[in-house]
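Spelled out from the first residue to the last, the chains are:
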Amino acid sequence: MAKIEMPPDDSRIEQSYLIVAALADGEPVDSRALSEALNDPAVREYLVDVIALRQAVGLVGALPASEHRKRRAIWSAVGWVSAAAAILVSLMTGYVAGQQTSEPSPAPAVETVITIENTSVAPRPTRIIPLRPGVNWTETIGGK
Amino acid sequence: MADANLLFTAHKDGVFRYLCRIVGSEDASELTQEVFLRVTRSGAPETDEGGVRAWIFRIARNLALNHVRDSRRRGESVALSDHAAAPPTQPLQTALREALDRLSALDRDVFLMREVGGLNYLEISFACQLTADAVRSRLHRARQQLRATLGGDQLRKHSGEQ
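Residues numbered from 1 in each chain as written. Chains lettered and ligands numbered in written order. Predicted model: local features only at pLDDT ≥ 70, side-chain atom pairs only at ≥ 80, totals over all residues.

## Digging into the overall build of chain B
Helices and strands together make up the secondary structure of chain B, namely nine helices and zero strands. Starting at the N terminus, the α and β elements of chain B follow one another as α-α-α-α-α-α-α-α-α. Considering chain B as a whole, with its 162 residues, one finds that 43% of them fall into the buried category. Of the contacts formed within chain B by residues at least 6 apart in sequence, a portion of 68% connects residues at least 24 apart. (Helix = DSSP H or I, 4+ residues; strand = E, 2+ residues; numbered from the N terminus. Buried ≥ 20, exposed ≤ 12 C-beta atoms within 10 Å, placed from the backbone. Contact = placed C-beta atoms within 7 Å.)

So, in structure tokens, the structure goes:
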């Protein structure tokens, strides 16, 4: 890379900026030209700004990726929360609708309690019918 | 031929950051892979380290230009999503992004190759197909424009906070 020389023309001021920029960029510069360039306060200020700009740019490229991932993660979380909320609302709506449209429930059934006493002994007969064979009793074969 | 893995390790971050600023972070990931896919396919030229870096950035720049052109053809906005992602707590970063977008494409490429990619003037001249003097001139113009847009005071005030 050729060293930057200061041409003896109107672009001398512009060349001063180029020289300090070359210095900041690690390019070879003529030390005498650099010395003269740095005598100008505006050029020194430019050199400071070149460095400040470099520091600022350093984060620009890295920022979007992390921010994008963060934003995507946020949207992912929002998506899950939205889905859960939708399900919850559906369930609640269904429950409320079911409550409002269902028929009135029937009156509770009357409970009838039947108490069965311990009746191991047959009740006493109230009427006795005597059965006499050939009169009011016919014996058949097989008990029919 | 240089080992593709070594080239990837050495240059992936610079290429990604450079592409990030042009096409946005999401597409930059894919394009970075594409860059090194092409590097692997075609093989690095027989040159020094700087020449290889310039060659890789030339591939990256061409891919980025194609990507931007295709996106515009489809009516998509490139990198706008990344602007929206800028947190309000970093006004300088937001302003810098907007200022970079106001530069001409070539001035911005030259500036980003220098400041993000770390290329020297000769490497940038190869990557952007310019003379070294043109690189110097465009770089200076980009810096002056960024200074004017951002304000030197704001730059200096925030530079220590980065």
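On we go from here.
## Thoughts on unusual backbone geometry
Keep in mind that most residues, glycine aside, have a negative phi and that most peptide bonds are trans. Residue and element names in this part refer to chain B. Backbone geometry places Q129, a non-glycine residue, at a positive phi of 55°. Mapped onto the elements, Q129 comes out in the loop between helix 7 (121-128) and helix 8 (132-150). The exposed category is assigned to Q129, around which 10 C-beta atoms lie within 10 Å.

## Concerning the nonpolar core
All names here are of chain B. Formed by 56 residues in total, the largest nonpolar core has its most connected members in L19, F57 and A60. Residue contributions to this core peak at eight residues, all from helix 1 (residues 4-23). Aside from chain neighbours lying at most four places away, what touches F57 is V15, Y18, M113, G117, L119 and A127. (Core = buried A, V, L, I, M, F, W, Y, C linked by C-beta atoms within 7 Å.)

## What about helix 5 (residues 91-102) of chain B?
Residues and elements named next belong to chain B. Here helix 5 contains twelve residues, and its C-alpha end-to-end distance of 17 Å stays within 8% of the 16 Å for a straight helix at 1.5 Å per residue. Within the sequence span of helix 5, burial applies to L92, Q93, L96, R97, A99 and L100. Buried residues in helix 5, looked at end-on, bunch into an arc of 165°, giving them a common side. Exposed positions of helix 5 whose direction lies more than 90 degrees from the buried face are P91 and R102. (Expected span 1.5 Å × (residues − 1). Arc of directions from axis to C-beta.)

## Focus on the packing of helix 1 of chain B against helix 3 (residues 49-73) of chain B
Residue and element names in this part refer to chain B. Contact geometry for helix 1 and helix 3: axes closest at 10 Å, N-to-C directions at 30°. Here helix 1 and helix 3 pass one another in a crossing that is right-handed. Residues L7, H11, V15, Y18, L19, I22 and V23 of helix 1 form the contact with helix 3, whose participating residues are V52, R53, I56, F57, A60, A64, H67 and V68. (Axes fitted to C-alpha atoms, helices over the stretch in contact; angles between N-to-C directions. Left-handed = near helix turned anticlockwise from the far one by under 90°.)

## Re helix 6 (residues 105-115) of chain B
Counting buried residues along helix 6 of chain B, nine of its eleven residues qualify, which places the element largely inside the surrounding structure. Along helix 6 of chain B, the positions that sit buried rather than exposed are D107(B), R108(B), D109(B), V110(B), F111(B), L112(B), M113(B), R114(B) and E115(B).

## Structural notes on the confidence of the model for chain B
All names here are of chain B. In the predicted model, chain B carries a mean pLDDT of 84, and 86% of its residues have values of at least 70. Low pLDDT, under 50, characterises residues 80-86; the stretch is placed with 15 contacts to residues that sit more than four places away or in other chains. Scored as a complex, the prediction yields pTM 0.64 and ipTM 0.80. (pLDDT = per-residue confidence, 0-100.)

## Things to note about the environment of E36(A)
The residue E36(A) is located in helix 2 (residues 31-37) in this model. Residues E36(A) and I19(A), spaced 17 residues apart in sequence, show a C-alpha to C-alpha distance of 10.0 Å.

## Some thoughts on the packing of helix 1 (residues 12-24) of chain A against helix 8 of chain B
Packing of helix 1 of chain A against helix 8 of chain B leaves a shortest axis separation of 10 Å and a crossing angle of 95°. When the axes of helix 1 of chain A and helix 8 of chain B are compared, the pair comes out roughly perpendicular. In contact with Y17(A), L18(A) and A21(A) of helix 1 of chain A, helix 8 of chain B contributes R136(B), L139(B), H140(B) and R143(B). A per-class count over the contact of helix 1 of chain A with helix 8 of chain B returns four nonpolar, one polar and two charged. (Parallel < 35°, antiparallel > 145°, perpendicular 65-115°, else oblique. Nonpolar A, V, L, I, M, F, W, Y, C, P; charged D, E, K, R; others polar.)

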